[in-house]
Amino acid sequence: MPLKLQHAVKSTMLPALLDRYGRIFNYARIALNERCNLRCTYCMPEEGVDFQPPEKLLSKNEVSRLVRVLAAAGVNKIRFTGGEPTLRKDLPELIATSLHTPGVDQVFLTTNGLLLHRVADQLKRAGLTGLNISLDSLHADRFKKITRRAGLEQTLDNIKLALAKGFDSVKINVVVMRGFNDDEIKQFSELTRDNKVTVRFIEFMPFDAKQLWCEGDYLMRAKDIVAKLHGLYDGLMADKGSETEHHHYRIKGYQGAVAVIPAFTRSLCRNCNRIRITADGQLRNCLYSGTDYDLRGLMRRDASDEQLLFQIRAAVGAKAIDGVEARERSTSKIAVSRISMTQIGG
Ligand code: SAM
Ligand code: SF4
């Protein structure tokens with residue numbers, strides 16, 4: 001959409017996005033689509049979810065406009081996610097445009113990694129800062145069980161490719177499921193011995209469309225994952241990770257790092273610095289919130305940048321103190337609206 005210059009936000013010196021608890025939001029996770037080439041059981045049913053038609057999703061120009069408006073209010077870090085963002089043909093362009101936006105310092109990607117060999121060069125040329133590649137098992141049969149597709153070898157090759165391409169950061173996201181892959185914590189941690197990679201163990205969250213969550217005791221809490229790591233390694237050195245990497249360690253003599261993300265226990269909320277935008281252009285001020293702040297509708301009704309920013313500030317201002325409160329406020333809405341991480345933006 002062409003800029004209405006008289007209304008365009010030009011300054012990078014606007015007040016920061018601040019909530020009533022004093023948290024500053026400088027990180028936006030933007031979902032680029034809902035569709036995916038995998039069907040992880042904790043994320044989507046085999047048949048997929050009720051994917052929205054393309055015209056309901058944000059266009060390239062709409063995404064770039066949001067990045068510009070957010071950056072003017074101090075957002076300096078962008079992550080593109082989905083769905084599977086590498087399915088979007090305009091991904092390299094979106095990365096490059098975002099990085100050319102005044103105020104944006106870093107652009108990351110969260111991907112299942114399966115198609116990376118096709119786009120790695122373009123992503124590198126576009127300037128991508130780093131990527132998180134999701135991989136929950138190093139066993140082919142388990143990989144297939146969790147993703148409902150084959151592809152472990154390709155994913156592993158593509159992790160190696162990402163490391164070889166020299167992105168500033170390469171991380172592996174492992175959703176830990178008790179009784180399914182918690183016996184692989186050591187094997188995953190060993191990847192950090194010779195590789196400058198961070199392996200992030202993430203708590204399982206109740207965002208699976210079929211509520212697999214309710215059927216089994218899959219949750220392994222962050223404290224139990226941390227205890228397991230301490231049991232496995234004597235020389236575990238606490239270190240500073242990103243805002244979500246609540247527990248971040250280096251193993252003595254290893255090149256990489258391991259981290260534990262308390263995504264379910266939500267002990268990280270006081271450090272929250274992120275907002276999420278769904279593929280259909282709805283701002284969510286918390287992963288656990290059920291409230292959509294409609295940015296797509298505003299843009300398509302020809303709103304000015306100031307009006308967009310007003311809506312963004314309202315969303316940030318209404319943020320709950322933590323994900324527990326957000327969930328309490330929104331439980332019924334979540335049940336009827338967005339049931340999969342692909343619809344929320346992982
Ligand atoms: N398709 C990309 C991928 O898998 O990396 C990006 C989208 S995916 C929804 C983003 C992240 O959310 C992945 O690391 C995935 O493992 C995680 N995720 C999805 N459902 C989850 C759940 N129920 N609990 C914890 N993490 C989940
Ligand atoms: Fe696809 Fe990622 Fe969901 Fe798996 S977690 S189904 S790869 S969007």
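The following refers to the structure shown. (Residues numbered from 1 in each chain as written. Chains lettered and ligands numbered in written order. Predicted model: local features only at pLDDT ≥ 70, side-chain atom pairs only at ≥ 80, totals over all residues. Heavy atoms only, no water.)

## Details of the nonpolar core
Inference 1: If you look at the biggest cluster of nonpolar residues, it comprises 72 residues, and the most contacted ones within it are Leu17, Ile30, Ile78, Phe80, Leu123 and Phe201.
Inference 2: With residues near it in sequence (within four places) discarded, Phe201 still touches Val174, Val176, Ile185, Phe188, Ser189, Ile225, Leu229, Val258, Ala259, Val260 and Ile261. (Core = buried A, V, L, I, M, F, W, Y, C linked by side-chain atoms within 4.5 Å. Buried < 20%, exposed > 50% of the residue type's maximum accessible area, 1.4 Å probe, protein only. Contact = heavy atoms within 4.5 Å.)

## Regarding the pairing of strand S1 (residues 27-31)
Inference 1: Counting buried positions along S1 yields 5 of 5 residues, so the element is predominantly enclosed.
Inference 2: Side chains Tyr27, Arg29 and Ala31 project from S1 onto one buried face, and the interleaved Ala28 and Ile30 project onto a second face that is buried too.
Inference 3: For S1 and strand S10 (residues 274-277), the ladder comprises 4 bridges, and the chain directions are parallel. Within S10, the position partnered with Ile30 by the bridge is Ile277. (Helix = DSSP H or I, 4+ residues; strand = E, 2+ residues; numbered from the N terminus. Pairing = 2+ DSSP bridges.)

## Some points on helix H3 (residues 116-126)
Inference 1: Considered for burial, the residues of H3 that qualify are Leu116, Val119, Ala120, Leu123 and Ala126. An end-on view of H3 places all buried positions within 135° of arc, on one side of the element. Within H3, the exposed residues directed more than 90 degrees away from the buried face are Arg118 and Arg125.
Inference 2: Buried positions along H3 lie against helix H2 (91-99), strand S3 (106-111), strand S4 (130-134) and helix H5 (152-164).
Inference 3: Count one or two residues on from H3 and you reach Gly127, which has phi positive near 100°. (Arc of directions from axis to C-beta.)

## Points about the sheet that holds S3
Inference 1: What the 12 strands build is an open sheet, ordered S7-S8-S9-S6-S5-S4-S3-S2-S1-S10-S11-S12; its pairing is mixed. Each end of this open sheet is capped by a strand with a single partner; those strands are strand S7 (236-238) and strand S12 (293-294).
Inference 2: For strand S11 (residues 282-284) and S12, the ladder comprises 2 bridges, and the chain directions are antiparallel. Its bridge partner being in S12, Gln282 is matched across the sheet by Asp294.

## A closer look at the site of ligand 1
Inference 1: Around ligand 1, the structure places 18 residues, and the nearest of them are Tyr42, Gly83, Ser134, Met205 and Met341.
Inference 2: Measuring from an oxygen atom of ligand 1, one finds a side-chain N or O atom of Tyr42 at 3.0 Å.
Inference 3: Contact distances for ligand 1 include 2.9 Å between a nitrogen atom and a backbone N or O atom of Gly83.
Inference 4: When the free accessible area of ligand 1 is taken as 540 Å², the share hidden by the protein chains comes to 95%.
Inference 5: Looking at the shell around ligand 1, the elements with two or more residues in it are S3 and strand S5 (169-176).
Inference 6: The residue makeup of the shell around ligand 1, split by class, is 7 nonpolar, 9 polar and 2 charged. (Near = heavy atom within 4 Å. Polar contact = N/O pair within 3.5 Å; in protein donor to acceptor, adjacent residues only side chain to side chain. Areas by Shrake-Rupley, 256 points an atom, 1.4 Å probe, with all protein chains shown as cover. Nonpolar A, V, L, I, M, F, W, Y, C, P; charged D, E, K, R; others polar.)

Purely geometric stuff here, so don't read any function into it on its own.
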